[in-house]
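# Notes for the structure review
Listed below, chain by chain, are the residues.
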Number of protein chains: 2
Amino acid sequence: MKYGTYVKVSCPERAILEHVTSRWGVLVLVALLDAGTLRFSELRDGIGDVSEKMLTQTLRTLERDGFVRRHARPVIPPHVDYTLTDLGREAALKVQALADWTSSRVPAVAAAQSTYDAARG
Amino acid sequence: MKYGTYVKVSCPERAILEHVTSRWGVLVLVALLDAGTLRFSELRDGIGDVSEKMLTQTLRTLERDGFVRRHARPVIPPHVDYTLTDLGREAALKVQALADWTSSRVPAVAAAQSTYDAARG
DNA sequence: CTGTATCCATGATGATACTG
DNA sequence: CAGTATCATCATGGATACAG
């Protein structure tokens, strides 16, 4: 079984971890942390390379977990805003911290990989 | 592959993040952080439910990234020890911090999910 | 504009069997 | 003991088309 992003994981902690560290989850959380409020199309364009399907799926999951608040204005054409909840802000800060640390160690990891690859093949 | 305007998550960074937050990556890092040194079989038994294939794969990835050091003693039967490098200890601490935070918010997330599911379907 | 529905290629995953 | 090899399966994510 794949340790799915959406359900079917025995350990709830593991599931939540998957949600916030998932490919698009990280980007959505950090984007909303930086911008405060973003529309669906702003998230889609800002993140880039994300399909609408995956963005919707990611937003639904984060909304269900209580990390993201969805505000749909009853207008035509539709206008939907997304913001972080307090819980979501906590999550976003933690995830950003991990992402920042990772970013800072990219050179060290790249060096380690080169060494490893050179020694083996 | 290009990422966001709001977020600067490069591909190598994303890959590293996936390595350390992967299902078995988290468990291996935390196990080694707690125990200091563990043999292959100790990791396999301690983590539980992990196939030898996935454990090997996880260990190789973490070793290549410079997070884990592998020490194979030239004896029969084979005896292989795994420990964290300094870089790996940093990673393990960050990951454990995120995992601990996640663990502490499981009730809040569960409540949010119940609310969401009740309101919708 | 903000989604939903459907199909499908890809790749991750784990069971099993085997090896040095 | 510590892996490696092979294979079946099944979720994941992307493309596409369409709807409200």
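Criteria and thresholds
- Residues numbered from 1 in each chain as written.
- Chains lettered and ligands numbered in written order.
- Predicted model: local features only at pLDDT ≥ 70, side-chain atom pairs only at ≥ 80, totals over all residues.
- Heavy atoms only, no water.
- Contact = heavy atoms within 4.5 Å.
- Salt bridge = Lys/Arg side-chain N within 4 Å of Asp/Glu carboxyl O.
- Polar contact = N/O pair within 3.5 Å; in protein donor to acceptor, adjacent residues only side chain to side chain.
- Nonpolar A, V, L, I, M, F, W, Y, C, P; charged D, E, K, R; others polar.
- Phe/Tyr/Trp six-rings, centres within 6.5 Å; stacked < 30°, edge-to-face > 60°.
- Lys NZ or Arg CZ within 6 Å of the ring centre and 35° of its normal.
- Pairing = 2+ DSSP bridges.
- Helix = DSSP H or I, 4+ residues; strand = E, 2+ residues; numbered from the N terminus.
- Axes fitted to C-alpha atoms, helices over the stretch in contact; angles between N-to-C directions.

An unreviewed UniProt entry lists chain A under the name Transcriptional regulator YtfH, with Actinacidiphila cocklensis as the source organism.

## Details of the interface of chain B and chain A
Counting from both sides, the interface comprises 41 residues of chain B and, opposite them, 46 residues of chain A. Where chain B packs against chain A, one counts 4 salt bridges. The closest approach of N and O atoms between Arg105 of chain B and Glu90 of chain A, which form a salt bridge, is 3.7 Å. The tally of links from chain B across to chain A stands at 10 residue pairs in polar contact (both at pLDDT 80 or more). Partitioned by chemical class, the residues of the side of chain B that touches chain A number 20 nonpolar, 8 polar and 13 charged.

## Describing the packing of aromatic side chains
Aromatic ring pairs are described here by two measures, namely the spacing of the ring centres and the angle between the planes. Under the defined criterion, the tally for this structure stands at 2 aromatic pairs over all chains. Over the face of the ring belonging to Trp24 of chain B we find Arg23 of chain B, whose NZ or CZ atom lies 4.5 Å from the ring centre.

## Topic: the sheet that holds strand 2 (residues 68-73) of chain A
All names here are of chain A. Spatial strand order, 1-3-2: 3 strands in an open sheet with antiparallel pairing. Each edge of the open sheet carries a strand with a single partner, namely strand 1 (37-39) and strand 2. The average angle at which neighbouring strand axes cross in this sheet is 25 degrees, direction not considered. Pairing analysis gives 6 bridges linking strand 2 to strand 3 (residues 79-84), with the strands arranged antiparallel. For His71, the partnering residue across the bridge sits in strand 3 and is Asp81. In the packing of helix 2 (residues 23-35) onto the sheet, contacts are made with strand 1, strand 2 and strand 3, and the angle to strand 3 comes to roughly 90 degrees.

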